[in-house]
Amino acid sequence: MDARRITELLELKRVQLVHYYLRTDPEFPQPVFTPSATTGSFVWYWPDVRRWAARRGRLPAGGPKP
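Numbering of residues starts from 1 in each chain and follows the order in which that chain's sequence is written. For a predicted model such as this one, the threshold for reporting local features is a pLDDT of at least 70, and the threshold for listing and counting side-chain atom pairs is 80 or more; totals across whole chains, interfaces and linings nevertheless cover every residue. Side-chain metrics rest on all non-hydrogen atoms present in the structure, leaving aside hydrogens and water.

S.K.: Honestly, the nonpolar core in this entry has me stumped. Any pointers?
M.R.: A general tendency of soluble globular proteins is for nonpolar side chains to be buried together. Definition used in this section: a nonpolar core is a set of buried Ala, Val, Leu, Ile, Met, Phe, Trp, Tyr and Cys residues joined via side-chain atoms within 4.5 Å. When accessible area is computed with a 1.4 Å probe and restricted to protein chains, residues below 20% of their type maximum are described as buried, those above 50% as exposed, and intermediate ones as partly exposed. Among the nonpolar cores identified, the biggest contains 16 residues, and Leu10, Val18, Phe28 and Trp44 are the most heavily contacted of them. Elements supplying a minimum of two residues to this core: helix H1 (3–9), helix H2 (16–24) and helix H3 (46–56). Residues in contact with Leu10, not counting those within four places in the same chain, are Trp46, Val49, Trp52, Ala53, Arg58, Leu59 and Pro60. Only runs of H or I of at least four residues qualify as helices and only runs of E of at least two qualify as strands under DSSP, and these elements are numbered from the N terminus. By the convention used here, residues are in contact when the closest approach between their heavy atoms is within 4.5 Å.

S.K.: What's the story with a nonpolar patch on the surface in this structure? I'm lost.
M.R.: Candidate patch residues must exceed 30% relative accessible area and have no salt bridge, after which like charges are joined if within 9 Å and Val, Leu, Ile, Met, Phe, Trp or Tyr side chains if within 5 Å. The protein chains shown are the only cover counted for residues, whose accessible areas, like all others here, come from Shrake-Rupley with a 1.4 Å probe. Put simply, a salt bridge is a Lys or Arg side-chain nitrogen that is within 4 Å of an Asp or Glu carboxyl oxygen. Judged by side-chain polarity, Val32, Phe33 and Tyr45 come together as a nonpolar surface patch covering roughly 330 Å² of accessible area. Position of Phe33 among the secondary structure elements: in the loop between H2 and H3. The class for Phe33 is partly exposed, based on a relative accessible area of 44%.

S.K.: Would you explain unusual backbone geometry in this entry?
M.R.: For residues besides glycine, phi is generally negative; the peptide bonds are generally trans as well. Of note, Glu11 is a non-glycine position whose phi angle comes to about 55 degrees, a positive value. Tracing the chain through its elements places Glu11 in the loop between H1 and H2. Overall, the relative accessible area of 60% leaves Glu11 in the exposed class.

In C-alpha cells, the structure reads:
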C-alpha cells in the first residue's frame, strides 16, 4: 500500500510522516517497491507496517480497518 493509505489506516495527520519514519526510524519497514527517479510511489507490505505500528504504540484505538 502507498503512504497515503498508511496515513489513513494509522490516522496520521500528514502523509509526510510516513516518509519521515522511513528516514528516521531504522525499525520502520522498507518499501517493497521503490519508484524510479521520475515516477511512482513507494509501496509497503501492510503486515510489516502494522507490526511496526503495534510495537511503537501507533495503532489507532480499535485497530485500523484495512
